[in-house]
Amino acid sequence: MIAARLAGLGWTVGGIGGVLAMLEALGAMGALPQSVPAPSAVAVQFVQDRAALAHHLAPTLRAAVIGWLAAVALAIAMAGVALLVRGAEGVLYNFAVGVNAIPLIAAAPILVVWFGTGPETRVIVAALASFFPVLVGAIQGLRAVDRSHRELFHVLAAGRIDRLRLLELPGALPYLFAGLKISAAGAVLGAIVSEWVGADRGLGMMMAYALFSFNVPQVWMCMAVSVVLALGAYGLMGGLEARVVRWSPPDGTGPGDSAP
Amino acid sequence: MTRGGTGELPVWAGVALRGVASIVVFAVAFALLWQGAVWALAMPPYLMPTPLDAAGALVGQGDKILANALFTLAEAGVGLIVAAALAVVLGGLFVASPAAHRLAFPWAVALRSVPVVAIAPIVTLMVGRGFWAGVTVVVLAAFFPILVNCMRGYVSLPRGALEMMHVLDARPAEVLWYVRLPYAVGFVFSGLRTAAPIAILGAMLSEWLTGNRGLGYLILDSAALRELDLLWAAIVVSMLLGLLIFWTTATLEGALRRV
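Residues numbered from 1 in each chain as written. Chains lettered and ligands numbered in written order. Predicted model: local features only at pLDDT ≥ 70, side-chain atom pairs only at ≥ 80, totals over all residues. Heavy atoms only, no water.

### Notes on the overall build of chain A
Inclusion rule: Strands here are runs of E lasting at least two residues and helices are runs of H or I lasting at least four, both read from the DSSP assignment and numbered beginning at the N terminus. Exposure classes here rest on a 1.4 Å probe applied to the protein chains alone. A residue is buried below 20% of its type maximum, exposed above 50%, and partly exposed in between. Exposure was quantified through the Shrake-Rupley algorithm and a 1.4 Å probe, taking into account, for residues, occlusion by the shown protein chains and nothing else. Neither His nor the chain ends is counted toward charge; the positive residues are Lys and Arg and the negative residues Asp and Glu. Charge positions are represented by NZ for Lys, CZ for Arg, CG for Asp and CD for Glu.
Of regular secondary structure, chain A possesses 10 helices and 0 strands. Along chain A, from the amino end to the carboxyl end, the secondary structure elements read α-α-α-α-α-α-α-α-α-α. Judged by the C-alpha coordinates and their principal axes, chain A covers about 75 × 55 × 25 Å. Looking at chain A residue by residue over its 260 residues, the buried ones come to 43%. A total of about 13200 Å² of accessible surface is found on chain A, and carbon and sulfur atoms cover 70% of it. A distance of 6 Å separates the average location of the 15 positive side-chain charges in chain A from that of its 13 negative side-chain charges.

In structure tokens, the structure reads:
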């Protein structure tokens, strides 16, 4: 199992390294199109721009984290209500589907009209982008308790608290984490997109300006940073999951295990 | 697969009718909610227009909205068709050759984990600002869900069909043409159904950056100029566009499954 995973990792790392080396060689020969920089040029740009990058990253990350935390808190609270109040689940679920049906592309300009291009808009867009997966994961998870386990708890005359603590919450965790992983990446991307509508600073702004001034290495650098951020947020949740959900099979066949 | 219970109507027509009905119900409910929100929150018109204002803009600036909507729809449509064609060919290759699968499939997965937000600026750099930038973003965003479905379609065949072809001594190409492709069609369309909303969103997102034409550009522009009637009209049209393309693919899927 571990050997297979290592082999897979080797293929991935080797593949990425191979492509980077090929791009670098092409760049050295001058065979790359104008819009594709050599990887070393992107690295140089990264070192040059590190102060500006930090300046732009701070508000984006802050908006993503605050929006994500708000969305997670709201989604878990709603799932708790759905668990405790009979019949609330359908209503909440429909509400969530409605929220999810609002395209971010439509919501962001409206929010800019209402709140301006300040941090509020970015936080709300990040929250909108991360709310739905968490709620679906939480509700699905609380619903996913095995019938025979439920019967066992019934036979053992377990109380409501014990049932929640020992049966329902642990059973929900893998599903919840599937939602948390997707939404963590979503929050980062939501914050970036909202900056395209207008912001004074932020990674999305930096990306757009680099594009408009045709600073090719800077566009690629911003892209690489945003991909690393999104995958990093996803991976952070994955790491947390591996520490918390120890009983889940380690081969990644848990429910909804997929990249963002 | 089975005949519909609705008398004379074929199944796909039922699906189409239900699609139209659901769009109408959605639009009416949306307008009522919207008007209710404006009244309940006492929203001034410089923050939120009423549905009637937006309808006025829809009629008054109809040709502007229509031209931009058609541009976005064309980007999404062409992108979806190209993505489906690529998925059918590459999916067949991946199913037929384990080596190709091993070599190229991880790249398809990697492509999928690069978000559209990050791809769009690069595509704009490489393709330039215009129609084809939108199409390229749509292809990149829509390719993976269609590919996965398509590959599942090629593989999940009834055993009997393959055995029958074996008995008939069919060549691999004939198996592909007579068995695998017909069975994959339904799967391709369910992939298209998943990809359709992504396609509209991807096209509009790329228009935010290219900023020439299209519904995404119109939304951003009218927001910047505080033409709120036009903004809301364009947003409603973009939602209807998403529903329209979703139900078109669903209806086509139903019609093809009947054949």
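### Some remarks on the nonpolar core
Under the convention used in this document: Put simply, a nonpolar core is a bunch of buried Ala, Val, Leu, Ile, Met, Phe, Trp, Tyr and Cys residues held in one set by side-chain atoms that sit within 4.5 Å of each other. Contacts: residue pairs with any heavy atoms within 4.5 Å of one another.
Trp196 of chain A together with Trp208 and Leu231 of chain B are the most contacted members of the largest nonpolar core, which has 132 residues in total. If we ignore the near neighbours within four places in the chain, the residues touching tryptophan 196 of chain A are Gly204 and Met207 of chain A together with Val117, Ala120, Pro121, Leu205, Trp208 and Leu209 of chain B.

### Describing the side chain of threonine 249 of chain B
Mapped onto the secondary structure, threonine 249 of chain B falls in helix α10 (residues 228-258). Residues contacting threonine 249 of chain B, with those up to four places away along its chain left out, are Phe189, Leu192, Arg193 and Ala196 of chain B.

### A look at the pattern of salt bridges
All names here are of chain A. The cut-off we apply is this: Each salt bridge in this description consists of a side-chain nitrogen of Lys or Arg and a carboxyl oxygen of Asp or Glu lying within 4 Å of one another.
On inspection of all chains with the given rule, the structure shows 4 salt bridges over all chains. Residue arginine 122 is joined to aspartate 200 by a salt bridge in which the shortest nitrogen-to-oxygen separation is 3.6 Å. Of this pair, arginine 122 sits in helix α6 (residues 119-143) while aspartate 200 sits in the loop between α8 (160-196) and α9 (203-212), and the two are 78 residues apart along the sequence. Of the charged contacts, one joins lysine 181 and glutamate 241 as a salt bridge, the two residues approaching to 3.0 Å between their closest N and O atoms. Placement of lysine 181 in helix α8 and of glutamate 241 in helix α10 (residues 216-244) is noted, with a sequence separation of 60 residues between them. Side by side, lysine 181 and glutamate 241 carry an identical accessibility label, which is buried. Taken together, the salt bridges that share partners define one network made up of Arg122, Glu195 and Asp200.

### Quick notes on a negative patch on the surface
The line we're drawing: Surface patches are defined over residues having more than 30% relative accessible area and no salt bridge, joining like charges when they lie within 9 Å and nonpolar side chains (Val, Leu, Ile, Met, Phe, Trp, Tyr) when within 5 Å.
On the surface, a cluster of negative charge is contributed by Asp53, Asp221, Glu227 and Asp229 of chain B. Its place among the elements puts aspartate 53 of chain B in helix α2 (residues 51-60).

### Some words on the interface of chain B and chain A
Applied cut-off: Summed over both partners, buried area is the accessible surface (1.4 Å probe) that two parts give up on being assembled. Polar here means any residue other than Ala, Val, Leu, Ile, Met, Phe, Trp, Tyr, Cys and Pro, which are nonpolar, and Asp, Glu, Lys and Arg, which are charged; Gly is therefore polar.
Taken together, the contacts link 34 residues of chain B with 36 residues of chain A. When the buried area of chain B at its contact with chain A is split by residue, Val117, Leu125 and Trp208 of chain B rank highest and sum to 22% of it. On inspection of chain B and its partner chain A, the count reaches 0 salt bridges. Those elements that place two or more of their residues in the side of chain B that touches chain A are α4 (98-113), α5 (116-127), α8 (172-210), α9 (215-224) and α10 of chain B. Element by element, the count of residues in the side of chain B that touches chain A is highest for α5 of chain B, at 8 residues. Looking at side-chain class alone, the side of chain B that touches chain A contains 28 nonpolar, 2 polar and 4 charged residues.

### Concerning unusual backbone geometry
The phi angle at phenylalanine 214 of chain A is positive, at roughly 50°, despite the residue not being glycine. Checked against the element boundaries, phenylalanine 214 of chain A lands in the loop between α9 and α10.

### Brief notes about the packing of aromatic side chains
Our working rule: Centres within 6.5 Å are what make two rings of Phe, Tyr or Trp a pair, Trp counting through its six-membered ring; a difference in plane orientation under 30 degrees is then read as stacked, over 60 as edge-to-face, and the rest as tilted.
A complete count under the given rule lists 5 aromatic pairs over all chains for this structure. Three or more aromatic residues joined by ring pairs make a cluster, and in this case those are Phe71, Phe131 and Trp132 of chain B.

### Quick word on the packing of α4 of chain B against helix α6 (residues 131-155) of chain B
Residues and elements named next belong to chain B. Condition: A fitted line through C-alpha atoms represents every axis, and for helices the fit uses only the stretch in contact; the resulting angles, taken between N-to-C directions, go from 0 to 180 degrees. In what follows, roughly perpendicular refers to angles from 65 to 115 degrees, roughly parallel to angles under 35, roughly antiparallel to angles over 145, and oblique to any angle outside these ranges. Helix crossings are classified by the rotation of the near helix relative to the far one: an anticlockwise turn of less than a right angle makes the crossing left-handed, while a clockwise turn makes it right-handed.
Where α4 contacts α6, the two axes come as close as 9 Å, and the packing angle between them is 135°. As judged from the angle between their axes, α4 and α6 are oblique. Between α4 and α6 the crossing geometry is left-handed. Seen from α4, the contacting residues are His101, Phe105, Ala108, Val109, Leu111 and Arg112; seen from α6, they are Leu140, Phe143, Phe144, Leu147 and Met151.

### Structural notes on the side chain of serine 183 of chain A
Inspection of the secondary structure assignment puts serine 183 of chain A in helix α8. If sequence neighbours within four positions are ignored, serine 183 of chain A has contacts with Trp68, Ser130, Pro133 and Val134 of chain A.

### Topic: helix α5 (residues 104-115) of chain A
Because an α-helix packs 3.6 residues into every turn, residues spaced three or four apart end up facing the same way. Residues and elements named next belong to chain A. Note the following rule: By this rule the span expected of a helix is its residue count minus one, scaled by 1.5 Å.
Look at α5: 15 Å from first C-alpha to last across 12 residues, which is about the 16 Å you get at 1.5 Å a residue. Counting buried positions over the 12 residues of α5 gives 9, a clear majority of the element. Among the residues making up α5, those that are buried are Ile105, Ala106, Ala107, Ala108, Pro109, Ile110, Leu111, Val112 and Val113. Glycine 116 occupies a position one or two residues after α5 and carries a positive phi of about 80°.

### Topic: the packing of α10 of chain A against α5 of chain B
Relative to each other, α10 of chain A and α5 of chain B sit at 160°, their axes nearing to 9 Å. For the element pair α10 of chain A / α5 of chain B, the angle class is roughly antiparallel. Relative to α5 of chain B, the crossing made by α10 of chain A is left-handed. Residues Val216, Val219, Trp220, Met223, Ser226 and Val227 of chain A of α10 of chain A lie in contact with α5 of chain B, whose contacting residues are Ala118, Pro121, Ile122, Leu125 and Met126 of chain B. Residues of the contact of α10 of chain A with α5 of chain B, tallied by class, amount to 10 nonpolar, 1 polar and no charged.

### As for the confidence of the model for chain B
Residues and elements named next belong to chain B. Inclusion rule: Per residue, pLDDT captures the predictor's confidence, and it can take any value from 0 to 100.
For chain B, mean pLDDT is 83; residues scoring 70 or higher make up 94% of the total. Overall, residues 1-6 carries pLDDT values under 50, and its contacts beyond four positions in sequence, including any with other chains, amount to 5 contacts. The complex prediction reports pTM at 0.78, with the ipTM value standing at 0.71.

### Some details on the environment of arginine 226 of chain B
With respect to the secondary-structure elements, arginine 226 of chain B resides in the loop between α9 and α10. Setting aside chain neighbours within four positions, we find arginine 226 of chain B in contact with Val112 and Val113 of chain A.

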